[in-house]
Amino acid sequence: MLVAGVDVGNSTTEIAVARVEPGGEPDWLFVARRATTGTKGSAACAAGVADLLARADRRLGERPHITLLAELHPVETGLLELGLIEELALERTAIARPASETPSGSGVGAGRLVRLQDLLEPAEPETVIPIVEDTDFEAAGAALRDARSRGWTIAGAIVQKDDAVLVGNRFDRSLPIVDEVADASELPAGALAAVEVAEPGSNVETLSDPLRLGVLLGFGPEEARAARTAARALADCRAAIVVRTPRSPDGRRPDDAPVVLVAADGTERALDERAQPPPPGAVAAIRGAAGDRNGLLDLIWRALPTPADDPTFARRLARRRAIALALLARGESAGLVDAIGELCAGGARVIARESEAAVLGASTTPGAGHAPFVLDLGGGTVDLHREGGAVSTAGAGDLVTRICAGLLGSDFALGERAKRHRSARVETPFTLHHEDGSRSFLGAPATPEALARLSVLDGRALIPLPAPLAPEVWRGLRRAAKRDVLAFNVRRAIDSIGGVPRGELVTLVGGSAVDGEVVDVVAAELDDLDVAVARGDVLGRHGPRAAVAVGLVLAFAAGSGR
Amino acid sequence: MPLTLEVAEGTPEALARTAAKEAVLGIGVGGDDERLVLILAAAPAQPYLTAPAGEARSFAQNAARVAARRPLR
């Protein structure tokens, strides 16, 4: 009988097809994978399974008679921004913005914000900071010169586009003019604002000092103390602006803890992003900014890792207060099983837990014999299985991708590529600066889009990334993301079953185990346990992939299906 | 930025190639009423950047970024 084991993961669906005869070893005929269609466990996943079954049919000239599945637990991952620190600190009474690295002039200026077109009116006695939106730099320079000649006192300027130097050259090269303030058009005209530009190679000193900032913007002593985080958000910037905005009508602080955790005993507490997540099974539900979910089996959150060797980027991250969340929920996959059942004459059967199948699949690794401890590092969960006990923890490869995308400011797909591949900075059209500090030369010039950018080295392609990071710094952050999620969950899973005997074999399987960096960080995490950490090689030719799909077929062949 | 402007005859590619060969930074720009072309002296066979003449301002900003090794916009 032709049998298909199918592992529907959060990101990948894998199939292993074998001919199984009573009393004989399975004859392995086909192993393949594709991206999962739909949310894991939903009926939409059947489309991906149907595609894989059709491929098997075409390859083998025969459709599998029965499809074997494991129990499914869907995992949700997401990145949650808890609120900018300066907004919390100032009760939303100020807007603090780092500006571009190409400002004009130097020094500090403070005054009322005024739109460029409003300078056509008769001069007012107060000092002003004009906002230049879409106006051409020639016209903007002329308008500023004209306004000054008619009596306006201009202390600096805020430019929306990348034109500060061009405007400064046509108006006043000594005044601080900041540019690339994307939301310049939304700044409130009439509000008190301060701009600062430091000399090349220096950082702002006045706007990053809460008391001096307070004096410039007319804060009282208490407000000036509260301005400390706004000031901190601007440290390490060469150019910056702070705008004082009206206090919110109700005078309330923004919610400091928008996520509530409900424990298994029904008690509620606010999520503290600085605390460690509870052990698996401790949280039953979640409410608030991350959505409302019941029936949770596990939940973890991780702050974005910060680079010790790039304080500017570290401050930017700290300012965002973002956390990555993963929720493992009780699965409801009857619809999927029914849908897949219609694809084969013999229907579909759920015959094992994912991790039980993973153990059987991992045991086909040459030299492993029986694999007593198997860590399945998938897209959604880290599953640990041993005889008599298994544990699933929320958060694996997809959560690492969320963190990478959050750090880079990219979408999920680009974050996935950045997670998996090395990077380099394109220093010149012909020179790459690699993660280990070495340089290499290109035979043909890099694309203009990649010039001066951190880029993923995916085969021969250079894919530019949006974050202005050195390759060495990004390598550290990428590894930290893998350590903070995968190694962390490996430790949680092992702790929850009471540990692993010294000298024992721990086999890593799953899509995340393909990544050598993941194997490194997991092995480093388990150093103190003195265990042998090895990567699975399913059936001796598929690496750590397809362990569950192969294991399902083995479970069926052994008659252990239930 | 070391910059020399010259008026000459030829296609934008030919002008840019000549300019790149003579430029201190190895970057040449050529243009006519219709097109603008930037060529690198180290890879003269193909233009590195091109743009319609009507987009001269943003093209020039990007040319300056190539010289200064800054990301293009």
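Residues numbered from 1 in each chain as written. Chains lettered and ligands numbered in written order. Predicted model: local features only at pLDDT ≥ 70, side-chain atom pairs only at ≥ 80, totals over all residues.

Participant: Explain the sheet that holds strand β23 (residues 423-428) of chain A here, please?
Facilitator: Strand-to-strand pairing in sheets goes through backbone hydrogen bonds, with the strands running parallel or antiparallel. All names here are of chain A. Taking strand neighbours across the sheet as the criterion, the five strands line up as β25-β24-β23-β26-β27 in an open arrangement whose pairing is antiparallel. Because the sheet does not close on itself, it has two edges, and the strands there are β25 (439-441) and β27 (461-464). Looking at each pair of strands side by side, their axes are set apart by 40 degrees on average, direction ignored. Direction of pairing for β23 relative to strand β24 (residues 431-434): antiparallel, over a ladder of four bridges. Bridge pairing in β24 places V426 opposite L432. (Pairing = 2+ DSSP bridges. Helix = DSSP H or I, 4+ residues; strand = E, 2+ residues; numbered from the N terminus. Axes fitted to C-alpha atoms, helices over the stretch in contact; angles between N-to-C directions.)

Participant: I'm lost on the packing of helix α10 (residues 354-362) of chain A against helix α15 (residues 547-557) of chain A in this one. Help?
Facilitator: The relative placement of two packed helices comes down to the angle between their axes together with the axis-to-axis distance. Residues and elements named next belong to chain A. Put simply, α10 and α15 touch, their axes get as near as 7 Å, and they point 90 degrees apart. Looking at the two axes, α10 sits roughly perpendicular to α15. Here α10 contributes E354, E356, A357, A358, V359, L360, G361 and A362 to the contact with α15, which in turn contributes A547, V548, V550, G551, L552, L554 and A555. Its residues assigned to classes, the contact of α10 with α15 shows eleven nonpolar, two polar and two charged. (Parallel < 35°, antiparallel > 145°, perpendicular 65-115°, else oblique. Contact = placed C-beta atoms within 7 Å. Nonpolar A, V, L, I, M, F, W, Y, C, P; charged D, E, K, R; others polar.)

Participant: Is there a simple way to think about the sheet that holds strand β1 (residues 2-8) of chain A in this case?
Facilitator: Residue and element names in this part refer to chain A. The strand order across the open sheet built from five strands is β3-β2-β1-β4-β19, with neighbouring strands paired in mixed fashion. Each edge of the open sheet is held by one strand with a lone partner, namely β3 (27-35) and β19 (348-352). If you compare each strand with its neighbour and ignore which way they point, the axes differ by 25 degrees on average. Pairing of β1 with strand β4 (residues 66-70), which is carried by four bridges, proceeds in the parallel orientation. In the sheet register, G5 faces β4, and the bridge partner there is L68. In the packing of helix α1 (residues 46-60) onto the sheet, contacts are made with β1, β2 (12-19) and β3, and the angle to β3 comes to roughly 140 degrees.

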